[in-house]
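What follows is the residue order along each chain.
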Amino acid sequence: MRETTAKRYPLMPLRDIVIFPGMVAPLVVGRKKSIAALENAMENRSMIFLVTQQDDSIDDPGREHLYDIGTLATVMQLLRLPDGTIKALVEGKRRARITGLTEFDSFFSVEVEELPDIHTEGPEIEAYGRELYRLFEEFSRTNKKIPKEILTSIAGMENITRLADTVASHLTLKTGQKQEILERVSLPDRIALLMEAIYREVELSELEKTIQAKVKKKMADTQRNYYLGEKIKAIQEEMGQGEGGDDIAELEEIIARKKLPDPVREKVGKELKKLKQMPPMSAETTVVRNYIDAIVSLPWTEKTASTIDINRAEQVLEEDHYGLKKTKERILEYLAVQAQVKKIKGPILCLVGPPGVGKTSICRSIARAMDRKFIRLSLGGVRDEAEIRGHRRTYIGAMPGKIILSMQRAEVINPVFCLDEVDKMSMDFRGDPSAALLEVLDPEQNFAFNDHYLDLDYDLSEVFFITTANSLHGIPLPLQDRMEIIKLSGYTEEEKLRIAEGFLVPKQLEVNGFQPGDIRFSDQALLEIVRRYTREAGVRSLERTIASICRKVARDRLKKNQPDRAYRISRQSIGRYLGAAGYRYGLAEEQDAIGLATGMAWTEVGGELLQIESTLMPGSGKLTVTGKLGDVMQESARAAMSYVRSRAMRLGLEPDFYQKIDLHIHVPEGAIPKDGPSAGITMVTSIVSALLKIPVNRRIAMTGEITLRGRILPIGGLTEKLLAARRGNITHVLLPQENERDLKEVPAKIRNSLTIDLVNHVDEVLQKALLVREGEELFKDIPLESIYKDITVSSHNTPAH
Ligand code: ADP
């Protein structure tokens, strides 16, 4: 249906909206001019020209503010509202362009030229139409702003022009865009523009969706994390733990304050970053945390100012230790060299000697003399390389090795570090700890010691290492090579007395809270303790026994309520404090006995007197050896027996004497393991004494290895053995001639207190030790050739010892 078209129409400017042909829209009209235009249209029953303003903000637009093209529309309804505005329902009809404008007072009147659509038919247009419909349908499915019924209403639309304009009116586009679509009179152009707009909308809405999803997720995550965080906090509070955050901040501050080498700081930084990202209570967190703690509690640069002043060192060593003249001299020489070369280089000191002779306490004095801190690590029983070097962090419960742990204790990089009992390390399938120790002690390598746990180079080059051992045997040779060995031997009774008086008693008085002089020990009392309550090379038990007396006195004082009473400990009163004596003093036999000879043995804990007993029984030539003897000592017994058999005729025995008897050799105190060849001559003496029924001089002790020909080979541990002899009340000792040079090493005091005979051959030993009755001869005069003819020769390659 066509409206009557006048050439002139009242004009109503629109804000914010473009009316398309076919579109029905309610408009709320308030501007006077617009109301007048509406009224004019109603009066004249004419259409109204609706055109959009280029700029919404202008209230009273002129021609220049209006687009050229608009829509002719009919006014379907007018409704006056009480506030003076009008609600109008309009329907767009046709496109038109303004060709002339007359301005009345009350409204604009325009002359327009209608703009018919072009290219509205043909298969191409149909295809366009279908594509537009499909696209719009798809778009409306995702876009909630488009009412469902629109789709149904346009589904049956055959007129593609109508379709295009309806779609255009339902899209939420900017006014400028809509105007542009309105202005396209060519239908294909219009549809193309529309589709472009829809595509953009689809894209935008998809983008919007992903953004929305992201935002949503982020919000959910933050909420979730917040929720979990709160929960953890609550749990921690329940468990009585503080907030993790403070802890880490504290740690960070400590790290920031600590001086660390660059690679270490870098590593700690990385670990700290890891730590911050971890939930505070996981197992992994503890691992990282422990690692950081291990690094932080280790000294990296801290050190004590230390100088070596030889005079002061000498003074300190003298103050702390009695005697040990040679040891002190060697130590001072060593320190002097260190002072000259400034940096610790060259061999490591190794103090070797029996327990309780002051090895550790000398190390302590060295530390004091050098003004350095002292730490001590016992290597006894260490059998795993990882104990020295630590476990890799991948192990559960991994820790740094003992060296690094000790350095943590030291808190400085230059302590005096005493490695005790280096001879007691063992080796097994878990690797050789001594190899790791070699690296620790080697000045060429130890500036970059790599602990498996730390996995960082640690500088040990400023550490002053000292090692101690009971004997050299257990120390691997490569390690011995790096060491400067200083031997300490046991103490004589006099030395022990002086040490007790000058050092142990004052020390124990102080430790137990007495004033100097509160307890006085008489010399006889101390001697009694040394002789009958202790048996040792060093003074450890002596010190312990003195401590025990001090404690008993302290108790007595309190009991009697006499806190200032002074005590005198005499030989007679010792028993009251210590009970019955534990050891028999003077191991020399009370009587000269047949078949009982006294030897001198050396063990790691010092020298010992060794009684060797032989008895004969009727039998068939069996040799039994008892007393927990090692292989070498058993062989030694057999060699002794062979020697005696070879000498049978000369000794006045029948050549087949051994076939009618069994011989039992016993070495008492079987609990102590004994080994070594040095009891050879003692065994021979004991056997011969038993066979010939001639007693052995009880004041004689002997030591020496024998060959099958009766020659005597040198032995080791001379000083310790002679000390034992003196302790055992022996006056006369028989030593191998070849040990003569070693005698010079033995303190003169010991040497002079004994009659020392150097012997070459067992025959000499027998001559001296057996108490042959006057007028009798030990050896029968028989040519030697006849004696040796049936002897088998075995090689002697066991070390002299
Ligand atoms: P080691 O390490 O050789 O087994 P220690 O150093 O533990 O022996 O010594 C044991 C005790 O004996 C320490 O209290 C030490 O001070 C003391 N001591 C050892 N020798 C002497 C000495 N010559 N002078 C003073 N005290 C000594």
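What comes next is a walk through the structure. Note that the coordinates shown come from a computational prediction; the quantities given were computed from them, not determined experimentally.

## Some points on the overall build of the chain
No. 1: In terms of helices and strands, the chain carries 27 helices and 26 strands.
No. 2: A compact globule built from 801 residues would reach a C-alpha radius of gyration of about 28 Å, whereas the chain, at 56 Å, exceeds it by more than 25%.
No. 3: Classification of the 801 residues of the chain by burial places 46% in the buried group.
No. 4: In the chain, of all internal contacts separated by at least 6 residues, the share reaching a separation of at least 24 is 74%.
No. 5: With the model as given, the accessible surface of the chain reaches about 41,500 Å², and the carbon-plus-sulfur share is 51%.

## Notes on the state of the cysteines
No. 1: According to the stated counting rule, one finds 0 disulfides in the structure shown.
No. 2: Just so you know, C418 is unpaired, no disulfide at all, and the nearest cysteine sulfur is the one on C363, 3.6 Å from it.

## With respect to the pairing of strand β6 (residues 108-114)
No. 1: For strand β1 (residues 8-14) and β6, the ladder comprises 4 bridges, and the chain directions are antiparallel. Paired with R8 across the two strands is E111, which belongs to β6.
No. 2: Here strand β5 (residues 86-103) folds back onto β6 in antiparallel fashion, the turn holding 4 residues.

## Re the environment of I574
No. 1: Its place among the elements puts I574 in helix α20 (residues 574-578).
No. 2: The exposure class assigned to I574 is buried, which follows from its relative accessible area of 0%.
No. 3: Residues I574 and Q277, 297 residues apart in the sequence, show an inter-C-alpha distance of 69 Å.
No. 4: Here I574 is in contact with A525, I529, Y533, I549, I569 and G579, once residues within four sequence places are set aside.

## Brief notes about the pattern of salt bridges
No. 1: By the definition in use, this model includes 54 salt bridges.
No. 2: Across the salt bridge formed by E528 and R571, the nearest N and O atoms sit 3.1 Å from each other. One end of the pair, E528, is in helix α18 (residues 523-533); the other, R571, is in the loop between β15 (567-569) and α20, with 43 residues separating them in the sequence.
No. 3: When salt bridges with common partners are traced through the structure, they connect R95, D117, D165 and R190 into a single cluster.

## Topic: the sheet that holds strand β20 (residues 661-666)
No. 1: What the 7 strands build is an open sheet, ordered β19-β20-β18-β17-β22-β25-β26; its pairing is mixed. Because the sheet does not close on itself, it has two edges, and the strands there are β19 (623-626) and β26 (755-759). When strand polarity is set aside, the average angle formed by the axes of neighbouring strands in this sheet is 25 degrees.
No. 2: Those strands touched by helix α21 (residues 631-646) are β18 (606-618), β19 and β20, and its axis lies near 145 degrees from that of β19.
No. 3: Sitting on the sheet, helix α23 (residues 718-727) touches β17 (596-603), β18, β25 (732-736) and β26, and the angle it makes with β18 is about 70 degrees.

## Some details on the packing of aromatic side chains
No. 1: For the structure shown, the criterion picks out 5 aromatic pairs.
No. 2: Ring geometry for F657 and Y658: centres 5.8 Å apart, planes at 85 degrees, overall edge-to-face.
No. 3: Positioned over the ring face of Y567 is R565, at 4.4 Å from the centre of the ring.
No. 4: The ring of F779 has R650 sitting right over it, with the charged end atom 4.5 Å from the ring centre.

## A look at unusual backbone geometry
Peptide bonds are mostly trans, and most non-glycine residues show a negative phi.
No. 1: Here the phi dihedral of H119 falls at roughly 50 degrees; this positive angle occurs in a residue that is not glycine.
No. 2: Tracing the chain through its elements places H119 in the loop between β6 and α2 (123-142).
No. 3: Take H119: its relative accessible area is 54%, and that puts it in the exposed class.
No. 4: Of note in the backbone geometry, D371 takes a positive phi value of approximately 60 degrees without being a glycine.

## Description of the site of the ligand
No. 1: Not every one of the 20 residues close to the ligand is listed here, only the nearest: K359, T360, K507, R540 and E543.
No. 2: For the ligand, an oxygen atom lies 2.3 Å from a polar atom in the side chain of R540.
No. 3: Between the ligand and E543, the relevant distance is 2.7 Å, taken from an oxygen atom to a side-chain nitrogen or oxygen of the residue.
No. 4: In isolation the ligand exposes 560 Å². Once the protein is present, 90% of that is buried.
No. 5: Put simply, the ligand lies in the second largest pocket.
No. 6: Of all elements in the fold, only α12 (359-369), α17 (493-511) and α19 (540-559) reach the threshold of two or more residues within the shell around the ligand.
No. 7: The element that contributes the greatest number of residues to the shell around the ligand is α17, accounting for 4 residues.
No. 8: Residue classes in the shell around the ligand are distributed as 10 nonpolar, 5 polar and 5 charged.

## Observations regarding helix α3 (residues 148-155)
Spacing of three or four residues puts side chains on the same side of an α-helix, whose turn is 3.6 residues.
No. 1: Among the residues of α3, those classed as buried are I150, L151 and I154. Viewed along the axis of α3, the buried residues span an arc of 100 degrees, placing them on a single side of the element. Facing away from the buried side of α3 by more than 90 degrees, the exposed set consists of K148, E149 and T152.
No. 2: Among the structural elements, α2 and α4 (160-170) are those in contact with the buried residues of α3.

## So, a positive patch on the surface
No. 1: Among the surface-exposed residues, R551, K552, R555 and K559 lie close enough to one another that they form a single positively charged patch.
No. 2: Within the element layout of this structure, R555 appears in helix α19.
No. 3: Given the relative accessible area of 60%, R555 is considered exposed.

## Brief notes about a nonpolar patch on the surface
No. 1: Taken together, the side chains of L204, L207, I211, V215 and M219 define a hydrophobic patch exposed on the protein surface, amounting to about 470 Å² of accessible area.
No. 2: Inspection of the secondary structure assignment puts L204 in helix α6 (residues 187-239).

## Regarding the pairing of β5
No. 1: As judged from the 6 bridges shared by strand β2 (residues 24-29) and β5, these two strands associate in the antiparallel manner. Bridge pairing in β5 places P26 opposite L89.
No. 2: Between strand β4 (residues 69-80) and β5, which pair antiparallel one after the other, the connecting turn spans 5 residues, and G84 there sits at a positive phi close to 95 degrees.
No. 3: Bridge count between β5 and β6: 7 bridges; the pairing is antiparallel. Bridged to R97 within β6 is E113.

## As for the environment of Y491
No. 1: Of note, Y491 is situated in the loop between β13 (483-487) and α17.
No. 2: According to the relative accessible area criterion, Y491 is buried, its value standing at 5%.
No. 3: Distance from Y491 to A537, taken between C-alpha atoms, is 6.0 Å for residues 46 residues apart in sequence.
No. 4: Discounting chain neighbours no more than four positions away, the residues touching Y491 are L324, G356, V357, K496, I499, A537, G538, V539 and L723.

Each value, and the rule that gives it
Residues numbered from 1 in each chain as written. Predicted model: local features only at pLDDT ≥ 70, side-chain atom pairs only at ≥ 80, totals over all residues. Heavy atoms only, no water. Helix = DSSP H or I, 4+ residues; strand = E, 2+ residues; numbered from the N terminus. Rg over C-alpha atoms; globule rule 2.2 N^0.38 Å. Buried < 20%, exposed > 50% of the residue type's maximum accessible area, 1.4 Å probe, protein only. Contact = heavy atoms within 4.5 Å. Areas by Shrake-Rupley, 256 points an atom, 1.4 Å probe, with all protein chains shown as cover. Disulfide = S-S within 2.5 Å. Pairing = 2+ DSSP bridges. Salt bridge = Lys/Arg side-chain N within 4 Å of Asp/Glu carboxyl O. Axes fitted to C-alpha atoms, helices over the stretch in contact; angles between N-to-C directions. Phe/Tyr/Trp six-rings, centres within 6.5 Å; stacked < 30°, edge-to-face > 60°. Lys NZ or Arg CZ within 6 Å of the ring centre and 35° of its normal. Near = heavy atom within 4 Å. Polar contact = N/O pair within 3.5 Å; in protein donor to acceptor, adjacent residues only side chain to side chain. 1 Å grid on protein atoms, 1.4 Å probe; cavity = no way out; pocket = protein on both sides within 12 Å on 5 of 7 lines; lining within 4 Å. Sits in = over half its atoms within 2 Å of the grid points. Nonpolar A, V, L, I, M, F, W, Y, C, P; charged D, E, K, R; others polar. Arc of directions from axis to C-beta. Patch = residues over 30% accessible without salt bridge, like charges linked within 9 Å, V, L, I, M, F, W, Y side chains within 5 Å. Lys, Arg positive; Asp, Glu negative; His and termini not counted. Charge placed at Lys NZ, Arg CZ, Asp CG, Glu CD.

These results come straight from atomic positions and should not be treated as a statement about function.
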